[in-house]
Amino acid sequence: MRVAGAEIAGNAAKGTGGPVALPESLSGDVDSIRFVTILFADIVGSTRLLRALDPEDGRDLLDSSLALIQQAIHEFGGLVVRIQGDGVMAVFGVQPAAEDHALRGALAALRIGEKMKSGALGFLPAPQVRVGLHAGPILLRRQDNDFGSILDVVGHSAHVAGQIEKMAPPGSVAISATVASLIAEPCELRPAGSVESGGSESPEGRGEAVFELLSVDFLGSDRVTVKGNATYPVIGRDAELEQVRQLVGGLASGQHGSLAIIGEAGMGKSRLLLEASRLAAGFGTTFAAVRGNALLAAVPFGCLGGTLRHLIDLLHPFTPDPAAAAAAQLSANETACLEGLTSNEPGWLAHLPPGDRSRIAAGTMVRIVELAAAHMRLVLLVDDAHYLDSETLTVLATIARGGRIAMIVAGRPEAAPRIEGMCTTLLRLDSLSQSAARTLVSLIHRLAPIDDSVIDHVIERAAGLPLALQEFAVILHSESGAAAVAADNTDPMSAAPLPARLDSLLAARLATLDADAGKLCQFCAALGPAFPMNRLQRGAALVCRNPSAAVSRLIDARVIEFSGTGQARFTHQLVQEAAYRAMARRRRTAMHASALDMLKQAKAEAAARGTAGDEMASHAELANHAEKAGLYTEAMGHLWEACVEALSLAAIDSVRQLHERACAVAAYLPATQAAFERARFALLAADTLQQLSLEQVLRDDIQAVAEGRVDLGSSLRTVARINMALLDWIDGAPVRGRAWLTQAETDLDAHDSLPRRTYADLVAAYLAFSMGDPTEAVTRIERLGNRLADGLRGETFGAVVVIPHVLARAFGAWYLVDLGQTAKARVWVAEALNLSRRYGHAYSRMLAQLAQGYLHYRGGNCDRALPILRRAYADCLHHNFVGFEPACASWLALCLIELGLLDEAASILSQSVERGNFRKVRTSATYYLHEARARLSLAKGEAVEATKLAALALGHARDCEDVVHELHARVLCAEVSVRVGVAGDVDEALYSRVTELGLVVLQRRMETLWQ
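Because the structure is predicted, anything quoted here is derived from the model rather than measured.

With respect to the helices, strands and loops of the structure, A511 is situated in helix α20 (residues 500-511). Its relative accessible area of 21% is what places A511 among the partly exposed residues. In this structure the C-alpha to C-alpha distance between A511 and A582, which are 71 residues apart in sequence, comes to 9.3 Å. Contact partners of A511, with chain neighbours within four places excluded, come to R34 and A97.

Below, the discussion takes up helix α35 (residues 804-818). Between its first and last C-alpha, α35 extends 21 Å over 15 residues, near the 21 Å set by a 1.5 Å rise per residue. When you tally the buried positions in α35, you get 15 out of 15 residues, the bulk of the element. Downstream of α35 by one or two residues, G820 has phi in the positive range, about 80 degrees.

What follows covers the pattern of salt bridges. If you walk through the whole model with that rule in mind, you get 59 salt bridges. The shortest N-O distance in the salt bridge between R130 and D42 comes to 3.6 Å. In this pair, R130 sits in strand β5 (residues 129-145) while D42 sits in strand β2 (residues 32-43), placing the two residues 88 residues apart along the sequence. Under the relative-accessibility criterion, D42 is labelled buried at 17%. One continuous salt-bridge network, built from bridges that share partners, spans R738, E745, D761, E776, R780 and R787.

On to the side chain of D516, then. Mapped onto the fold, D516 is located in helix α21 (residues 515-527). Ignoring anything within four residues of it in the chain, the contact list for D516 reads V543, C544, R545, N546 and A550.

Taken in spatial order, the three strands line up as β15-β17-β16 in an open sheet, and their pairing is antiparallel. In this open sheet, the two edge strands, each paired with only one partner strand, are β15 (530-532) and β16 (560-562). Recorded for the sheet is a direction-independent mean angle of 25 degrees between the axes of neighbouring strands. Where β16 meets strand β17 (residues 567-570), three bridges bridge the pair, whose relative direction is antiparallel. Pairing of E561 across the sheet is with R569, part of β17. The strands touched by helix α22 (residues 533-543) within the sheet are β15, β16 and β17, with β15 carrying the most contacts at an inclination of about 85 degrees.

Our focus in this paragraph is helix α34 (residues 774-787). The end-to-end C-alpha distance of α34 is 20 Å, a good match for the 20 Å that 14 residues give at a rise of 1.5 Å each. Every buried residue of α34 is listed here: P774, A777, V778, R780, I781, L784 and G785. Looking down the long axis of α34, one finds its buried residues gathered within 155 degrees of arc, a one-sided arrangement. Exposed residues on α34 whose side chains face more than 90 degrees from its buried face are T775 and N786.

This paragraph deals with the pairing of β17. Here β17 shows one buried face, formed by A568 and F570, and one open face, formed by Q567 and R569. Direction of pairing for β15 relative to β17: antiparallel, over a ladder of three bridges. Each bridged residue has a counterpart across the sheet, and for A530 the counterpart in β17 is R569. Hairpin connection, β16 to β17: the antiparallel pair is bridged by four residues, and G564 has positive phi, about 90 degrees.

To continue, consider empty space enclosed by the protein. Scanning the model with the defined rule gives five cavities of 30 Å³ or more in all. Taken as a whole, the largest cavity spans an internal volume of roughly 420 Å³. When contributions to the lining of the largest cavity are tallied by element, the ones reaching two or more residues are α29 (671-691), α31 (714-730), α33 (754-770), α35, α37 (842-858), α39 (885-898) and α41 (924-939). Residue composition of the lining of the largest cavity, grouped by class: 17 nonpolar, eight polar and three charged.

Attention now moves to the environment of K166. Take K166: it is sitting in helix α6 (residues 156-167). What makes K166 exposed here is its relative accessible area of 55%. Residues K166 and R130, spaced 36 residues apart in sequence, show a C-alpha to C-alpha distance of 7.4 Å.

Moving on to the sheet that holds strand β13 (residues 406-411). Spatially, β11-β12-β13-β10-β14 is the arrangement adopted by the five strands of the open sheet, whose pairing is parallel. Of all strands in the sheet, those with a lone pairing partner are β11 (286-291) and β14 (425-428), marking the two edges. Each neighbouring strand pair of the sheet contributes to a mean axis angle of 15 degrees, computed without reference to strand direction. Pairing analysis gives five bridges linking strand β10 (residues 258-262) to β13, with the strands arranged parallel. From the neighbouring strand, A260 faces β13, where its bridge partner is V409. Of the strands in this sheet, β11 and β12 (378-383) touch helix α10 (residues 305-314), which is tilted by about 165 degrees from β11.

In this section: the packing of helix α38 (residues 862-878) against α39. It is at 9 Å that the axes of α38 and α39 come closest, and there the two elements cross at 155 degrees. It follows from the interaxial angle that α38 and α39 lie roughly antiparallel. Every pair of crossing elements has a handedness; the one defined by α38 and α39 is left-handed. Between α38 and α39, the contacting residues are C862, A865, L866, L869, R870, A872, Y873, C876 and L877 on the first element and E885, C888, A889, W891, L892, C895, L896 and E898 on the second.

The rules behind the values
- Residues numbered from 1 in each chain as written.
- Predicted model: local features only at pLDDT ≥ 70, side-chain atom pairs only at ≥ 80, totals over all residues.
- Heavy atoms only, no water.
- Helix = DSSP H or I, 4+ residues; strand = E, 2+ residues; numbered from the N terminus.
- Buried < 20%, exposed > 50% of the residue type's maximum accessible area, 1.4 Å probe, protein only.
- Contact = heavy atoms within 4.5 Å.
- Expected span 1.5 Å × (residues − 1).
- Salt bridge = Lys/Arg side-chain N within 4 Å of Asp/Glu carboxyl O.
- Pairing = 2+ DSSP bridges.
- Axes fitted to C-alpha atoms, helices over the stretch in contact; angles between N-to-C directions.
- Arc of directions from axis to C-beta.
- 1 Å grid on protein atoms, 1.4 Å probe; cavity = no way out; pocket = protein on both sides within 12 Å on 5 of 7 lines; lining within 4 Å.
- Points joined across faces, edges and corners; volume = space filled by probe spheres on them.
- Nonpolar A, V, L, I, M, F, W, Y, C, P; charged D, E, K, R; others polar.
- Parallel < 35°, antiparallel > 145°, perpendicular 65-115°, else oblique.
- Left-handed = near helix turned anticlockwise from the far one by under 90°.

Take it as geometry only, folks, not as evidence of what the structure does.
Put into structure tokens, the structure is as follows:
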């Protein structure tokens, strides 16, 4: 096993990664979730070995071996968590909180093998050690025993690491694919199988590849690689690429410049450097790279050795002995410096003061670069400048001022003050636009396209961060990954886990916060991605000892920022997600409880002052915090108030979400209380959810009230029975619905009520028409209208979304049109239109427009009907009134077919079928969709398809016990049969039945067939 350059890295890490006392240094991290690398090491055959030794000799051997293992772990910043027998468990990335924890763990694992083979134990052959590594989330916890408190880690990731250790051959290191993906340095790997990696970090429960780690090329290469990933093309960075192209291409004409690229982690800095290296090859230009590394941030010139070796290697074609040629231009001290840097020996010219060593190193590097530039066009690519030591940055600044080469320096915002000054041009990377983000995700899935809704969710969650877009898009390649990423859930703990690279980056940034800032960050994470500044200030005073310092620290660490409109927000919503996930359950509960108390207090104070503003939290917010704090009864109270508010604004999508939230919260309550809460929310939301074709989800809860199993009082029991009648009519069971309505009307005979009687008459009209009594349906609507005279026709009776009188007149107009009573239908349509306009009800207006369009369509005035039906259809889609979407689409398509606009009709019908709302509505709305499709096929000359669709329409009407539309369907089948030249069901019995019911529209169609 080879760990090139690990010695210097180990020396750099010494003093920062030794055993850390739990109370002083880690007390703030206890009971938190961290993304780390876990190492398991086990001495192979220790039982057999100890059996052959004297007990004391065995103890000394075991202790010495474990000491060597611990020493290697500490050299790279690891913490030994547990020693049990001959095994050691350690974590990397806890303290220090380093994003390169996977690299540290890998180097430590290889160092363990080297130490055991080196004879450090005093005899050979030494015992062999197996080491396993895995990276993932773990819970840091304090474990108390009779000997005091120790730090422990819990989580499935630790279990996986233990399983991987068992897969390693004796004397070797095995790592998971996750660990390998987190190491940017070149690694030599050998497949070793796979391990089950289910658990929180792998929701799909799939296996994960395991590799034997043979080497990590850390600082040992003669060529430093460019880190960027070229798997996918650069999207949305055209202007930035052009600047890179101009800089690299300018070398050919003797122009020398320097470019600074500043951006947060994951913005694509390394990718632009990789493109620069490709452009250099295209222009016949040579590039060399310098890469910063967290392990070497404190090592003067620690990152220059590989670059120098590469530059000397590049000189081989021009001079037989590049090293001698370079030495000829250097002083003795500079020659010693060159030898020390290229061999990774940190002790070069150790007798000189640090200032002299820096000056000599700068001169050495400049001369080597000048020598290379004399023979070739050279561009120097500097990555991760935020990890470069100050001495190296000074050297690079000197080279940039020399003007002999081009230089591109990339780093995060914390490095901006240093690298901006050494470059002539500054480039700041911002988030990708939505169009660019969509292009990138779609491109990654060009061979396996995914739904637009899934792409939308990925774009929303990634918020323009290129690395996040790419990582989420890759997850979508698996069906389970797609389901997890696309889950429509705003709770960070319920969203799909962050990919390992993102989790590692964000966790490292958050872990650097001090105790006060960390608490405030967690509190803010509980508030959400954005929040008013006064809530930040109140929260800081609530959870911090030094509030102003904590706020400043969060800003300096680029965790939060101010938007300039009195709002504070996380710099990226994934930062908020990572901060929220880092809290253990008990901490989250406490933070939400604190937020709830703070918001209620602010609301009370504002109410006392008679003011409103940002401090006035909505009931939906209060409900969310109460739920997360485990205060479920209080959460239900706030959800009720929020639902009432949403109803007053006719916000139907909000009502849907609040109802779903209420059902989820009710699950935490005792069974009787839960049933009660679900039932009252069902009755509150029934009218609204009907507009979304979601009424059937309420059936069980409403039926419990209708049957008296949940007692909400006699009045609501009557409402529930009318609701059940309506639900059955929508579900294609009017006979069953009639039985529920009979019970409700019996209730009303004993205790009459205008709102409930109005509602009952309306549902009775629906049922009567479906069951073949159109006259009774019109009579019911006339009775309803008479009852609502004297200024009551605009009343909503709490329904809010629709005016019942408009609903009745719209349905009544449709019935009258079928009965041939067009004059009366026009009066009712005008009444519905006037009322809907006067009260500004969007749903009522759509119904009135639909009735008006149907009136003109049946009257043969399709030119007048078309714009009206188009408006109704547009309103239906705009306001998400999907309960009437099949009817709107069908009648518009029928009108278009009559006018010969077949392509538009086909498009509307295919879109409606794709939406699938017709599957939830088993009424005439769905019948007309089948009829429209049949008439379209007939108009296009597709006889077989028209016959099939007409039969489908007839089957639907019969299945739904819809007598009137069964007659419509039979006439349709007859029309199709005649048009395609097949004898149809055009007989006297059908005509008599149509005449008996007074369906003039169908009479005319049949008479036309007989002509």
